Protein chains: 2
Amino acid sequence: MTDVDALERILRSAEDIPPERAAEIAARLEKTPIQEVVRLVERSTATRAAVVLRLLSRRRSIAVFDALDAAHQADLIDALGDRAVYEFFAELDPDDRVSLLDELPAEIAGRLLRTLDGSEREITGVVLGYPKGSIGRRMSPEVPHLYEDMSVDETMDKLRRVADDVETIYTLPIISRDRTLVGVISLRELFTAEGSAGVAELMAEPVFASAHDEAEETARWFLPLDILAMPIVDDSGRLVGILTFDDAVDIVEDADSEDTARSGAHEPLQQPYLSTPLLRVVRSRIVWLLVLAVSALLTVQVLDTFEDTLAAAVVLSLFIPLLTGTGGNTGNQAATTVTRALALGDVRPRDVLSVAWREVRVGMLLGALLGTIGLGLASLVYGLDIGIVIGSTLFLVCTMSATVGGVMPIIAKKVGADPAVFSNPFISTLSDATGLIVYFLIAKTVLGL
Amino acid sequence: MTDVDALERILRSAEDIPPERAAEIAARLEKTPIQEVVRLVERSTATRAAVVLRLLSRRRSIAVFDALDAAHQADLIDALGDRAVYEFFAELDPDDRVSLLDELPAEIAGRLLRTLDGSEREITGVVLGYPKGSIGRRMSPEVPHLYEDMSVDETMDKLRRVADDVETIYTLPIISRDRTLVGVISLRELFTAEGSAGVAELMAEPVFASAHDEAEETARWFLPLDILAMPIVDDSGRLVGILTFDDAVDIVEDADSEDTARSGAHEPLQQPYLSTPLLRVVRSRIVWLLVLAVSALLTVQVLDTFEDTLAAAVVLSLFIPLLTGTGGNTGNQAATTVTRALALGDVRPRDVLSVAWREVRVGMLLGALLGTIGLGLASLVYGLDIGIVIGSTLFLVCTMSATVGGVMPIIAKKVGADPAVFSNPFISTLSDATGLIVYFLIAKTVLGL
């Protein structure tokens, strides 16, 4: 750890590393575990990261580049220079290669693709052929062709020959002679089986997905099965690739980062925080802030409408942040719960009524509790009539916010929007405006203004 | 899918299933893919879930029970009856068994433990011996003993014999005769190697963790390595177990659910939303709401102090929700970004100064933009002096909130609290109070009140 920190300090202090320093740093890098070097690169600006990659041995620099996120790899392309880029690109797995291409301008992507040799280009083309966001785009097309009429011994022989060229030899799709997926067998089963047995007798019913299936949904469904990999088929059921657990982990990780970002009212950064240029951080936040500020103008409007009421009883303005805050919190609680449940598949869009009915009751219970406390406290300090206004507003606001907060993510999903967008900031802003209307209507009635 | 929905409706309509119905439902369940049955159970109340489990064949009911979360399993214990529970418990993997024990009252846990036979109890004891929250508690202790002086053929023979009793045969820790971990080899490598070669020549430097390491941190560090499993050692470097990718996925999944819940101001539910009893949902939210409402009393206090200013210029109250809302949003943006970066290891606690410096600048840029727009709009409608108050408050509030929002999660982590707690609700509530103070101080100065 300390050695990496020292390296980081050296790299930070000098943009250009003098040649005599370079040899020393290269020697230290060579002794650093690969995972630490990846971390170091992830935390550095593009220029510095390129310096590190150039000082590493060929084998290690390829491994480090391979371990970076596609967006981060794309960021390094300019700083690295063509020769290194072509080499790194050729060494990537076809699915990672496609992820990187997706991050690049079309012109650079095309140039990179042309540097590949024929078979590599062809296999990359298979993955590129599936639409963005589909599982076909994230699978590995390098899968062995094992036929149902083979024996265990024949299968093992074939595996030994192709072991270096395929993504995994642990989960093995079995196909018919026309490449239709008919079963799956694990190396573990082959390993303990009689050599003369046919794979058709040993194979199990396959868990599989279609290449056009939505990537995030498929990955979330696949991961809890605790299996290493599953075959991917085309529309006519023919084997086209395999999805391994680590690809699924990446997909879910990206989706979770996106959900977290959206529920925190900004766009995901796509690359490590400390190595993201400052203006890109600002850009990931400003649009959301503007949209939310514009929606917040609604609250100015509402308050403007009730300005006479406010002028007549200034005490009402004291509770504005408390009431809008509590409404926002209750709404967020419901929204984050349902958004997460949707992502995990625990709640389906058709459950909208069960969810609404649950949240109405939860909201009423929470509102009754908070409302009673609010009634008591506000009565003590500001008199019974204010107490009644605060107490009943809290009850109504909690009930409304919980219900709306629970239902909104489902509606978002139904209309094809990201449920996470509706989990935090929008719920707050919208519940602010409605909460204030409820508040002033109750106040006008109770206080007779 | 439709068949499962039909089953769900039948189960929902009758708490007690008449015997003549039972046979029919059992037949339909038997034809339903196992993964669908798991979903069905996850969405049902404990009583109904127990009915489903009892109607399944022995083999399938064990598989379904095994697939549930520990908290959900614990919930079913009462409804299932002792005999079924003992059977399910005996079939769980040692690490899953320990997770379930952790969810149960000590008395029931003790009784369950006593139902195990000697060797199973011993192996469960190994896992139970590590503290909660450590990776030792989540590893599998069932790992083959492969020694460095063995040849490839000897290793393969041994693996064939023990294949059914160990967690995985794909990632193989190699140990010295005193059980010290010396290397790791994959079955893939063994598979393509010469039978007479020694494993010591082929094995690689192991990626491993110590059993006392913190579980979440270890799992987050392990998953991006894209390897299937890693050995776990005790304090003297001896092999005690193995952590597989699916255990790591579960740990990270749980941690993410917790972070999401906390940043949405509630506690995680531990089990699927629709099968969680209503009062438990209320309980997961009420404490947070109360704490946040109490902190929101701060804002009432602040506004009370400035009541004279408010009475003199009621127009000031119109902007309260807009200003507190924008401050809260800016703070949350910074906080969710840094919380996620901390969780992923992109930011370490010692980076606090770099983070603060980034967020000051980001906050100033965001504040300058929003402030300028605020100045323009408010001047148009309410006059230049109000415009100046709103514009400069927005600038200061954005700068402060971004900085505090970025730094708070790191401080939380440093003092051993959950950074996610500080990512959303607390930041909002605290920035509300400080934002209001700034607002009224500026207003008093500019408006000369």
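Bear in mind that the values here come from a model prediction, so they are computed numbers and not experimental data. (Residues numbered from 1 in each chain as written. Chains lettered and ligands numbered in written order. Predicted model: local features only at pLDDT ≥ 70, side-chain atom pairs only at ≥ 80, totals over all residues. Heavy atoms only, no water.)

Chemist: Can you walk me through the nonpolar core in this structure?
Modeler: Inside soluble globular proteins, nonpolar side chains tend to come together where they are buried. One finds Leu187 and Leu190 of chain A together with Leu187 and Leu190 of chain B to be the most contacted residues of the largest nonpolar core, which totals 90 residues. Residues within four places of Leu190 of chain B in sequence aside, it is in contact with Val152, Thr155, Met156, Leu159, Leu172, Ile185 and Val199 of chain B. With 54 residues, the next largest nonpolar core counts Leu316 and Tyr439 of chain A together with Phe319 and Ala378 of chain B among its residues. (Core = buried A, V, L, I, M, F, W, Y, C linked by side-chain atoms within 4.5 Å. Buried < 20%, exposed > 50% of the residue type's maximum accessible area, 1.4 Å probe, protein only. Contact = heavy atoms within 4.5 Å.)

Chemist: Hey, could you run me through the interface of chain B and chain A in this one?
Modeler: Many analyses report the size of an interface as the accessible area lost when the parts associate. Contact with chain B, which involves 108 residues of that partner, is made by 108 residues of chain A. The three residues of chain B that bury the most area against chain A are Arg188, Phe191 and Tyr273 of chain B, which together make up 9% of that side's buried surface. Where chain B meets chain A, there are six salt bridges. Across the pair Arg43 of chain A and Asp351 of chain B runs a salt bridge whose closest N-O atoms are separated by 2.9 Å. If you look at where chain B meets chain A, you find 42 residue pairs in polar contact (both at pLDDT 80 or more). (Buried area = accessible area lost by both parts, 1.4 Å probe. Salt bridge = Lys/Arg side-chain N within 4 Å of Asp/Glu carboxyl O. Polar contact = N/O pair within 3.5 Å; in protein donor to acceptor, adjacent residues only side chain to side chain.)

Chemist: Any chance you could explain the sheet that holds strand β4 (residues 209-210) of chain A here in plain terms?
Modeler: Strand pairs in the sheet, formed through backbone hydrogen bonds, run parallel or antiparallel to each other. Residue and element names in this part refer to chain A. The mixed open sheet is built from three strands, whose spatial order is β4-β5-β6. Single-partner strands in this sheet number two, and they are β4 and β6 (239-244). Of the pairings in the sheet, the one linking strand β5 (residues 229-233) to β6 comprises five bridges and is antiparallel in character. Along β6, the bridge assignment pairs Val233 with Leu239. Of the strands in this sheet, β4, β5 and β6 are in contact with helix α14 (residues 215-222), which crosses β5 at around 145 degrees. (Pairing = 2+ DSSP bridges. Helix = DSSP H or I, 4+ residues; strand = E, 2+ residues; numbered from the N terminus. Axes fitted to C-alpha atoms, helices over the stretch in contact; angles between N-to-C directions.)

Chemist: Before we go on, may I ask you to explain the domain arrangement of chain A in this structure?
Modeler: Taken as a whole, chain A is organised into domain 1 (2-129), domain 2 (146-254) and domain 3 (277-447). Each of domain 2 of chain A and domain 3 of chain A has a C-alpha centre, and these two points are 49 Å apart. (Domains from an automatic or database assignment.)

Chemist: Could you clarify how one ought to interpret the sheet that holds strand β6 (residues 239-244) of chain B in this entry?
Modeler: All names here are of chain B. The strand order across the open sheet formed by three strands is β4-β5-β6, and the pairing between neighbours is mixed. Of all the strands in the sheet, just β4 (209-210) and β6 have a single pairing partner and so form its edges. Note: β4 against strand β5 (residues 229-233), two bridges, orientation parallel. What sits directly across from Ala209, in β5, is Ile232. Contacts from helix α14 (residues 215-222) reach β4, β5 and β6, with the element oriented near 145 degrees to β5.

Chemist: Even after reading the chapter, I still don't get the pattern of salt bridges, so can you show me in this structure?
Modeler: Working definition: two side chains of opposite charge can pair if their charged atoms are close together. Scanning the model with the defined rule gives 48 salt bridges over all chains in all. Its salt-bridge partner being Arg28 of chain A, residue Glu24 of chain A comes within 3.2 Å of it at the nearest N-O pair. Of this pair, Glu24 of chain A and Arg28 of chain A both sit in helix α2 (residues 19-31), separated by four residues, roughly a single helical turn. By relative accessible area, which is 34% here, Glu24 of chain A ends up partly exposed. Among the ionic contacts, a cluster of salt bridges with common partners joins Glu216, Arg220, Asp256 and Arg340 of chain A together with Glu253 of chain B.

Chemist: Whenever I open this one, the relation of the copies chain B and chain A confuses me. Can you help?
Modeler: Two copies of one chain are present, and they are related through a rotation about an axis combined with an axial shift. The operation relating chain B to chain A is a screw motion whose rotation component is 180 degrees, with 0.0 Å of axial translation and a residual RMSD of 0.1 Å. Taken together, the rotation and translation relating the two chain copies correspond to the operation of a two-fold axis. With an isologous cut-off of 70% or more, the 100% of interface residues of chain B that recur at the interface of chain A puts this contact in the isologous class. (Least-squares fit on C-alpha atoms with pLDDT ≥ 70 in both.)

Chemist: Quick question: what am I supposed to make of unusual backbone geometry here?
Modeler: Keep in mind that most residues, glycine aside, have a negative phi and that most peptide bonds are trans. Its identity as a non-glycine residue notwithstanding, Gln270 of chain A has a phi of 70 degrees, on the positive side. For Gln270 of chain A, the location among the structural elements is in the loop between α15 (245-263) and α16 (278-305).

Chemist: For this particular structure, what's the right way to read the environment of Asp75 of chain B?
Modeler: Residue and element names in this part refer to chain B. In this structure, Asp75 sits in helix α6 (residues 70-80). The spacing of Asp75 and Leu104 is 29 residues in sequence and 8.9 Å in space, taken between C-alpha atoms. In this view, Asp75 contacts Ala46, Gln271 and Arg280; residues no more than four positions away in its chain are not counted. A distance of 3.1 Å separates the side chain of Asp75 from the side chain of Gln271, its partner in a polar contact. Among the polar contacts listed, one links the side chain of Asp75 to the side chain of Arg280, at a separation of 3.1 Å.

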